[in-house]
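# Survey of secondary and tertiary structure
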Amino acid sequence: RRFGLGAASAASAAALAPAQPAAAAVREGSTKSGLRFRVEVEGSGDTPKRGQQALLDYVLRVGVDGKPPLYVDGTKQTFPARPQQFTLGVGAQIPGFDEAVLDMKVGETRTVIVPPKLG
């Protein structure tokens, strides 16, 4: 699974952002929890299940009160660059991370804004 973690929100939210700049979004939406997303590259296949391992590229940025987001962490900034493996839905990551990835498909790239209650 590919997606990126980034951040930018006037509401002090952590956000998931594409690991690489993308063209126009394929689709946008939100969940009942308030997590917002924009699919940059549509994936194919099944979505992961809780407890499964996912191999992800991500960039984590955090923004507060409308200020430009600052880089915090990511897989592309390591040498050599390599995806990181995560176990999904077991509380090892912030709830917004799990919710976002559990809704993705293999090969998908999306930007996600995680509200404070999920971050």
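For every chain, the first residue of the written sequence is number 1, and numbering continues from 1 onward in sequence order. Local features are withheld for residues below a pLDDT of 70 in this predicted model, meaning they are given only at 70 or higher, and side-chain atom pairs are given and counted only at 80 or more; totals for whole chains, interfaces and linings count all residues. Side-chain measures were taken over the full set of non-hydrogen atoms in the model, leaving aside hydrogen atoms and water.

### Some points on the pairing of strand S3 (residues 36-41)
Along any regular strand, the residues point their side chains to alternate faces of the sheet. Rule in force here: Here, strands pair whenever DSSP counts at least two bridges between them. Helix numbers and strand numbers start at the N terminus; a helix is a DSSP run of H or I with at least 4 residues, a strand a run of E with at least 2.
Of the strand pairs in this sheet, strand S2 (residues 27-30) and S3 are connected by 4 bridges, and their pairing is antiparallel. Residue pairing in the sheet places Ser30 in a bridge with Arg36 of S3. Two successive antiparallel strands, S2 and S3, enclose a turn made up of 5 residues, where Gly34 displays a positive phi of approximately 105°. Here S3 runs beside strand S8 (residues 109-114); their pairing, made up of 5 bridges, is antiparallel. In the strand pairing of S8, Val39 is matched with Arg110.

### A closer look at the confidence of the model for the protein
In plain terms, the rule: pLDDT expresses, on a scale from 0 to 100, how confident the predictor is about each individual residue. Should any heavy atoms of two residues lie within 4.5 Å, those residues are considered in contact.
Within the protein, residue pLDDT values average 78, and 80% of them lie at 70 or more. Low pLDDT, under 50, characterises residues 1-22; the predicted model gives this stretch 114 contacts beyond four residues in sequence or across chains.

### Here we look at helix H1 (residues 95-102)
Counted only if it meets this: Only protein chains enter the calculation, and the probe is 1.4 Å; a residue is then buried if its accessible area is under 20% of its type maximum, exposed if over 50%, and partly exposed in between.
Taking burial as the measure, the 8 residues of H1 include 6 buried ones, the bulk of the element. Turning to H1, its buried residues number three or more, namely Gly96, Phe97, Asp98, Ala100, Val101 and Leu102.

### A look at the nonpolar core
Convention followed: Buried residues of nine kinds, namely Ala, Val, Leu, Ile, Met, Phe, Trp, Tyr and Cys, make up a nonpolar core once their side-chain atoms join them within 4.5 Å.
The biggest cluster of nonpolar side chains holds 9 residues, and these are Ala54, Leu56, Tyr58, Phe86, Leu88, Phe97, Val101, Leu102 and Met104. Within the residue set of this core, elements represented by two or more residues are strand S4 (53-56) and H1. In terms of residues, this core owes the most to one element, H1, which gives 3 residues. Counting 7 residues, the second largest nonpolar core, distinct from the first, contains Phe37, Val39, Val114 and Leu118.

### Description of the packing of aromatic side chains
Going by this rule: Aromatic rings from Phe, Tyr and Trp, with only the six-membered ring used for Trp, were paired whenever their centres fell within 6.5 Å, and each pair was classed as stacked if the ring planes differed by under 30 degrees, edge-to-face if by over 60, and tilted otherwise.
Evaluated as defined, the whole model comprises 2 aromatic pairs. With 5.9 Å between their ring centres and 65° between their planes, Tyr58 and Phe86 make a pair best called edge-to-face. Here Phe86 lies in strand S7 (residues 84-87) and Tyr58 lies in the loop between S4 and strand S5 (59-62), a separation of 28 residues in the sequence. Among the residues examined, Phe86 registers a relative accessible area of 11% and is labelled buried.

### As for the side chain of Asp57
What counts here: Side-chain atoms alone can form a polar contact between residues adjacent in sequence; in general such a contact is a pair of N or O atoms within 3.5 Å, and within protein one must be able to donate a hydrogen while the other accepts it.
Along the polypeptide, Asp57 turns up in the loop between S4 and S5. Only 3.3 Å separates the side chain of Asp57 from the side chain of Thr75, close enough to count as a polar contact.

### Section: the environment of Asp103
Within the fold, Asp103 resides in the loop between H1 and S8. Among all residues touching Asp103, those that are not within four sequence positions of it are Phe37, Thr47 and Arg110.

### A few points about the pairing of S8
Burial within S8 is extensive, with 6 of its 6 residues counted as buried. By the alternation rule, side chains of S8 split into Thr109, Thr111 and Ile113 and Arg110, Val112 and Val114, which are all buried.

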